Amino acid sequence: MPKSKSRESQRKIRYGNTTYTTDCQDGKVTVRFQRTARGQTLIAGIYNITEKTWCSEERNGPLPSSVKDTIAKLFK
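None of the values given here were measured: they were computed from a predicted structure.

The rules behind each value
Residues numbered from 1 in each chain as written. Predicted model: local features only at pLDDT ≥ 70, side-chain atom pairs only at ≥ 80, totals over all residues. Heavy atoms only, no water. Pairing = 2+ DSSP bridges. Helix = DSSP H or I, 4+ residues; strand = E, 2+ residues; numbered from the N terminus. Axes fitted to C-alpha atoms, helices over the stretch in contact; angles between N-to-C directions. Contact = heavy atoms within 4.5 Å. Buried < 20%, exposed > 50% of the residue type's maximum accessible area, 1.4 Å probe, protein only. Arc of directions from axis to C-beta. Phe/Tyr/Trp six-rings, centres within 6.5 Å; stacked < 30°, edge-to-face > 60°. Lys NZ or Arg CZ within 6 Å of the ring centre and 35° of its normal. 1 Å grid on protein atoms, 1.4 Å probe; cavity = no way out; pocket = protein on both sides within 12 Å on 5 of 7 lines; lining within 4 Å. Points joined across faces, edges and corners; volume = space filled by probe spheres on them. Nonpolar A, V, L, I, M, F, W, Y, C, P; charged D, E, K, R; others polar.

**Observations concerning the sheet that holds strand β4 (residues 41-48)**
- Reading across from one edge, β1-β2-β3-β4-β5 is the order of the five strands in this open sheet, with antiparallel pairing throughout. Each edge of the sheet is formed by a strand with only one pairing partner; in this case those strands are β1 (10-15) and β5 (53-55). Strand-to-strand twist across the sheet, computed as the mean angle between neighbouring axes with direction ignored, equals 25°.
- As paired elements, β4 and β5 share three bridges and run antiparallel to each other. Within the sheet, the bridge partner assigned to Tyr47 lies in β5 and is Trp54.
- Across the face of the sheet, helix α1 (residues 65-74) comes into contact with β1, β2 (18-25), β3 (28-34), β4 and β5 while running at roughly 155° to β1.

**Details of α1**
- Those residues of α1 not exposed but buried are Val67, Lys68 and Ile71. Seen end-on, α1 carries its buried residues on one side only, within an arc spanning 100°. For α1, the exposed residues set more than 90 degrees away from the buried face come down to Ser65 and Lys73.
- Against the buried residues of α1 lie β1, β2, β3, β4 and β5.

**Some thoughts on the packing of aromatic side chains**
- Inspection of the entire model under this criterion finds two aromatic pairs.
- Arg11 extends its terminal NZ or CZ atom over the ring of Phe75, reaching a point 5.1 Å from the ring centre.

**Focus: the layout of surface pockets**
- Quantified by volume, the largest pocket comes out at close to 350 Å³.
- Lining the largest pocket are 17 residues; nearest its centre among them are Lys12, Thr21, Arg32, Gln34 and Thr41.
- Counting only elements with at least two residues in the lining of the largest pocket, the list comes to β1, β2 and β3.
- Broken down by element, the residue count for the lining of the largest pocket peaks at five residues, all from β2.
- By residue class, the composition of the lining of the largest pocket is one nonpolar, ten polar and six charged.

**Side note on the pairing of β1**
- Both β1 and β2 contribute to a ladder of six bridges, which runs antiparallel. The residue bridging Lys12 from the neighbouring strand is Thr21, located in β2.
- Between the end of β1 and the start of β2, which pair antiparallel, lie two residues, with Gly16 showing a positive phi angle near 65°.

Structural data, given as structure tokens:
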């Protein structure tokens, strides 16, 4: 049986018309956003909690700095 993801690690951040969904696993926060079709999500960036750095954040367009700041505050 597959493990269900904890609701505590999943949070939604609304910025303009875009909703970013976070998922925290193994000390890293994966930030995703929904594209045109329902269920089609793309990775916007990955935040390393221990090193407090962002990686692969520019792959699908820049992640707004206010969203980055909010995520960094949520996952201290």
